[in-house]
Amino acid sequence: MTAPIATQVRRARSNFYVAMRLMPRERRAAMFAVYALARTLDDITDAPGDVDGKRQALGSWRAEIDAIYAGRPSTEIGRALVPVVARFDLPRAEFLELLYGLEMDLTTSMRAPGISTLALYCRRVAGSIGLITLRIFEADDPPARAFALALGHAMQLTNILRDIAEDADRNRLYLPREILDGAGIAERHPARVLAHPDFPKVRAAFCAHVRRAFDAAEASLAACPNRRGLWPGLVMMAVYRRLFDQLDRPSHVGCAPGRIGLFTQLWIALRTAWSVRWASSTS
């Protein structure tokens with residue numbers, strides 16, 4: 001792993017950082033490379049600029065993914081991914097799914113989408129990364145894949161809850177139209193939805209939606225025989241559940257972006273490791 005990529009991951013202050021950092025060196029380097037790619041692609045859609053320019057930039061990365069699998073990348077991230085793709089047999093289709101999901105951000109379909117459209121978006125931008133990382137964990141089996149998709153869904157919904165105000169500033173509104181309609185809000189303009197007197201009802205209903213998604217992830221985990229192999233994913237789930245619990249409070253009215261501190265992440269990681277090892281020793 002090159003120093004600039006490792007530095008990029010560290011400076012991002014990701015809620016995934018400690019889980020990635022505590023992995024064995026080869027897997028950590030692989031996770032850092034995948035994270036750097038995902039972060040770079042996400043930054044393209046979030047940056048100021050015209051939609052056509054962003055589509056062109058994502059298209060360039062689609063060509064770079066082809067080049068990675070052909071062994072001829074032109075970017076630092078691409079060069080870091082070449083051995084990772086080969087070593088862990090990472091699925092090219094899931095990198096393309098990630099791009100398809102990010103391209104959805106460039107359309108009007110993601111302004112108060114239907115619940116099914118939102119689920120597809122989560123599958124693409126988060127589920128894709130979950131399925132890629134399972135290969136790095138070397139825990140890729142049908143129950144683990146079901147868990148990764150369910151957890152990715154819950155985590156992306158948590159991101160949406162965390163970033164409601166920030167997304168509104170970008171003229172985005174990921175809250176499902178069914179929830180808006182249920183609160184009697186016909187408005188679809190992001191800023192006006194957040195200013196609506198019934199917005200607290202929307203937020204409460206969306207929190208319930210996120211809570212059900214975490215419950216579904218827990219149910220999927222129960223069917224996984226190899227929890228020890230899924231340890232990094234369990235840490236990520238615990239970190240994101242803690243983040244959601246902080247957001248799911250009446251006092252959290254600003255919807256400000258939030259992160260779980262590194263020391264808390266480390267404590268969660270150690271607690272999770274102990275729990276997994278204890279469960280393995282008693283099974």
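Computed from a predicted structure; not experimentally measured.

Student: Sorry, what's going on with the pattern of salt bridges here?
Tutor: Should their charged atoms come close, side chains of opposite charge can pair. Scanning all chains against the criterion turns up 21 salt bridges. We note a salt bridge from Arg-62 to Glu-103, for which the minimum N-O separation is 3.1 Å. With a gap of 41 residues between them, Arg-62 in helix 4 (residues 51-70) and Glu-103 in helix 6 (residues 92-104) connect regions that are remote in the sequence. Arg-62 sits in the partly exposed class, given a relative accessible area of 22%. Measuring nitrogen to oxygen at the nearest pair gives 3.1 Å for the salt bridge that ties Glu-138 to Arg-87. Here the residue Glu-138 occupies a position in the loop between helix 7 (115-137) and helix 8 (142-162), and Arg-87 occupies one in helix 5 (residues 76-88), the gap between them amounting to 51 residues. Using a relative accessible area of 39% as the deciding quantity, one classes Arg-87 as partly exposed. Taken together, the shared-partner salt bridges connect Glu-26, Arg-27, Arg-87 and Glu-138 into one network.

Student: Is there a simple way to think about the packing of aromatic side chains in this case?
Tutor: The description of an aromatic ring pair uses the distance of the two centres, along with the angle that the planes make with each other. Counted according to the given criterion, the structure contains three aromatic pairs. Judged by centre distance (6.4 Å) and plane angle (65 degrees), the ring pair of Tyr-69 and Phe-95 falls under edge-to-face. Of this pair, Tyr-69 sits in helix 4 while Phe-95 is found in helix 6, placing the two residues 26 residues apart along the sequence. Judged by relative accessible area, which is 29%, Tyr-69 ranks as partly exposed. On the accessibility criterion, Phe-95 (3% relative accessible area) is buried. A cation over a ring is seen here: Arg-87 above Phe-88, with NZ or CZ 4.5 Å from the ring centre.

Reading guide: rules and limits
- Residues numbered from 1 in each chain as written.
- Predicted model: local features only at pLDDT ≥ 70, side-chain atom pairs only at ≥ 80, totals over all residues.
- Heavy atoms only, no water.
- Salt bridge = Lys/Arg side-chain N within 4 Å of Asp/Glu carboxyl O.
- Helix = DSSP H or I, 4+ residues; strand = E, 2+ residues; numbered from the N terminus.
- Buried < 20%, exposed > 50% of the residue type's maximum accessible area, 1.4 Å probe, protein only.
- Phe/Tyr/Trp six-rings, centres within 6.5 Å; stacked < 30°, edge-to-face > 60°.
- Lys NZ or Arg CZ within 6 Å of the ring centre and 35° of its normal.

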